[in-house]
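Coordinate analysis (summary)
Chain residues, written in single-letter form:
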Amino acid sequence: MDRRILETPYFMIDEKELDHNIRDMQKALSQKFDNWKIGYSFKTNSLPYLCEYMRDHNCFAEVVSYDEYNLAVTLGYLRKNIIYNGPMKDQKTFLDAIESGAIVNIETTREIRWLDCLNKNKKYKIGIRINFDIEKMCPLESACGDEGGRFGFCLHNKELDRAIDLLNCQKNIKITGIHLHTSSKTRSLNIYKAIAKTARSVIERYNLDLEYVDIGGGFFGGLTDKPSYRDYIEQVECVLGDFMNSHGITLIVEPGASIIASPVSFVTSVIDVKKTNRNIFITTDGSRNDIDPLMTKTKYFYDIESNSHNEVVDNQIISGFTCMEHDRIFHLKNYKLLQEGDLIKYYKVGSYTMCLSPLFIKYFPAVYLKKINCDIECVRKKWNVTEYLGSK
Ligand SMILES: Cc1ncc(COP(=O)(O)O)c(C=O)c1O
């Protein structure tokens, strides 16, 4: 397939970069820990092609709903290679996961009740998510700020004590893991030192005999001016390395953005140039919904391929195709006036983008893969009305 004739808009996955990110993380882990596992965070980008790619590259599936659990099973993940987190489990998949040896981290009180349905004569393993005050340990860094995190059982009141007591009362259940994923604004190294210290204190306080410590995701990846996987894993190693290695405890990481953001680009074309009394608007066939569905980004990595010989203008507002006024992507300063057919390519847009975009006005764009040998393959066809009506 010839890249020059691909119809825009489309996503392009760079397999070389994707492969590099996975290998880099595997290398960082194996240098410091005897036992480790990578659980790819499905929600970050659950394009079926990518979920299968991760499966084939020895990653577990980290899923946070019964739909994602069923997706992982349908895509051929062995249940024992699934990490099941979050509040959106249902009883059926929750029990199925525990009975078949998946890694299940309890998030809600109802899950503790559901454990009653398990066979009393068999032994089962369970993990539990810990809620701890990351904002106190790393001021101004956490995503939750002063309101505090809302996931897991709280270490600072009686909630975790109570949950652990309830689990310990069930003779067929053993707590074998703790889960401490924390979303931060900074993705800084401090966060991981704080996670590691908290894990250590939880293990000691409750005298836990664990098989794994799951530190979640939230890393940077694929950016030269930011911490590397190695830097993050070193933070954890200096607090927990000896202890975990000597007790045969597995370190689990659940990367999403750090693996999949940097390999993905989004290519759009200019479809109109509009001059008003106040501004110049460049309308493109991509939308902010495609690359910033959360409407939070303030800058992009991009470049422009233009055949224009127009004069340079002060400002052009690069906009999306939707009928929403706020579908404005960025201001292009001091650049020659663009023209129809020019290309704008956005880089590092693989996380929380294509899986979060709405089916608004226009259906999902095609996704291509640039293979390591530079061949181009379509891994998702553009959605048309047929796909949209598919569920009818
Ligand atoms: C439990 C859990 N694990 C992993 C991740 C992945 O995080 P990231 O994409 O920042 O690596 C998230 C994201 O919120 C999460 O909630």
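Since we're looking at a predicted model, the values are computed, not measured.

**Focus: the pairing of strand β5 (residues 103-106)**
- By the alternation rule, side chains of β5 split into Ile103 and Asn105 and Val104 and Ile106, which are all buried.
- Strand direction decides the pairing type here: strand β4 (residues 82-88) and β5, joined by two bridges, are parallel. Within β5, the residue paired with Ile83 across the bridge is Ile103.
- Assessed by its sense of winding, the connection that carries the chain from β4 through helix α4 (residues 91-99) to β5 is right-handed.
- Where the polypeptide runs from β5 across helix α5 (residues 109-114) and back to strand β6 (residues 124-131), its parallel neighbour, the crossover connection is right-handed.

**Points about the site of the ligand**
- Within the structure, the ligand sits among 16 residues, and Arg187, Gly218, Glu254, Ala257 and Tyr352 are positioned closest to it.
- Residue His181 places a side-chain N or O atom 3.5 Å away from an oxygen atom belonging to the ligand.
- Here the ligand has 390 Å² of accessible area as a free molecule, and 88% of this is covered by the chains.
- When grouped by side-chain class, the residues that make up the shell around the ligand number three nonpolar, eight polar and five charged.

**What about the packing of helix α3 (residues 66-74) against α4?**
- For the pair α3 and α4, interaxial distance at closest approach is 9 Å and the crossing angle is 45 degrees. Comparing their axes, α4 and α3 come out oblique. Viewed along their axes, α3 and α4 form a crossing whose handedness is left-handed. Between α3, through Tyr66, Tyr69 and Asn70, and α4, the contact on the second element is made entirely by Thr93, Asp96 and Ala97.
- Broken down by class, the residue content of the contact of α3 with α4 amounts to three nonpolar, two polar and one charged.

**A short note on α3**
- For α3, every residue scored as buried is listed here: Glu68, Tyr69 and Ala72. Down the axis of α3, the smallest arc covering the buried residues is 105 degrees, so these residues share one side. Of the residues in α3, the exposed ones pointing more than 90 degrees away from the buried face are Asp67 and Thr74.
- Of the surrounding secondary structure, the elements contacted by the buried residues of α3 are β3 (60-65), β4 and α4.
- Within two residues after α3, Gly76 carries a phi angle of roughly 95 degrees, on the positive side.

**Points about the environment of Ile203**
- Structurally, Ile203 is set in helix α8 (residues 189-206).
- Overall, the relative accessible area of 4% leaves Ile203 in the buried class.
- Distance in space between the C-alpha atoms of Ile203 and Ile178 is 8.6 Å, their sequence separation being 25 residues.
- Apart from residues no more than four positions distant in its own chain, Ile203 is found in contact with Ile178, Leu208, Leu210, Val213 and Phe243.

**Quick notes on the nonpolar core**
- Within the largest apolar cluster, 104 residues are counted, with the highest numbers of intra-cluster contacts made by Ile13, Ile126, Ile178, Val213 and Tyr346.
- Among the elements that line this core, the one with the most residues is α8, at nine residues.
- When residues of this core are sorted by domain, at least three fall in each of domain 1 (3-11 + 262-391) and domain 2 (15-260).
- Setting aside residues up to four positions removed in sequence, Val213 forms contacts with Ile178, Leu180, Ala199, Ile203, Leu240, Met244, Ile249, Thr250, Leu251 and Ile252.
- Tyr10, Val267, Tyr368 and Ile376 belong to the second-largest nonpolar core, a separate cluster that totals seven residues.

**So, the UniProt feature "domain: Orn/DAP/Arg decarboxylase 2 N-terminal" (unreviewed entry) in the protein**
- Here, the residues flagged by UniProt with the feature "domain: Orn/DAP/Arg decarboxylase 2 N-terminal" (unreviewed entry) are residues 21-261.
- End-to-end, the C-alpha atoms of residues 21-261 are 10 Å apart, and along that stretch the chain is 42% helix and 20% strand.

**A short note on the side chain of Ser269**
- Structurally, Ser269 can be placed in strand β11 (residues 264-275).
- With a relative accessible area of 11%, Ser269 lands in the buried category.
- Leave out the neighbours within four places in its chain, and Ser269 touches Thr8, Thr283, Thr284, Asp285, Asp342 and Leu343.

**Topic: the domain arrangement of the protein**
- What the domain assignment reports for the protein is domain 1 (3-11 + 262-391) and domain 2 (15-260).
- Measuring from the centre of the C-alpha atoms in domain 1 to the corresponding centre in domain 2 gives 34 Å.
- At the interface, 17 residues of domain 1 touch 19 residues of domain 2.
- The junction of domain 1 with domain 2 conceals about 1,500 Å² of combined surface from both sides, 64% of it contributed by carbon and sulfur atoms.

Thresholds applied
- Residues numbered from 1 in each chain as written.
- Predicted model: local features only at pLDDT ≥ 70, side-chain atom pairs only at ≥ 80, totals over all residues.
- Heavy atoms only, no water.
- Buried < 20%, exposed > 50% of the residue type's maximum accessible area, 1.4 Å probe, protein only.
- Helix = DSSP H or I, 4+ residues; strand = E, 2+ residues; numbered from the N terminus.
- Pairing = 2+ DSSP bridges.
- Right-handed = clockwise from strand over helix to strand, strands pointing away.
- Near = heavy atom within 4 Å.
- Polar contact = N/O pair within 3.5 Å; in protein donor to acceptor, adjacent residues only side chain to side chain.
- Areas by Shrake-Rupley, 256 points an atom, 1.4 Å probe, with all protein chains shown as cover.
- Nonpolar A, V, L, I, M, F, W, Y, C, P; charged D, E, K, R; others polar.
- Axes fitted to C-alpha atoms, helices over the stretch in contact; angles between N-to-C directions.
- Parallel < 35°, antiparallel > 145°, perpendicular 65-115°, else oblique.
- Left-handed = near helix turned anticlockwise from the far one by under 90°.
- Contact = heavy atoms within 4.5 Å.
- Arc of directions from axis to C-beta.
- Core = buried A, V, L, I, M, F, W, Y, C linked by side-chain atoms within 4.5 Å.
- Domains from an automatic or database assignment.
- UniProt positions renumbered as here; feature names shortened; annotations may be inferred.
- Buried area = accessible area lost by both parts, 1.4 Å probe.

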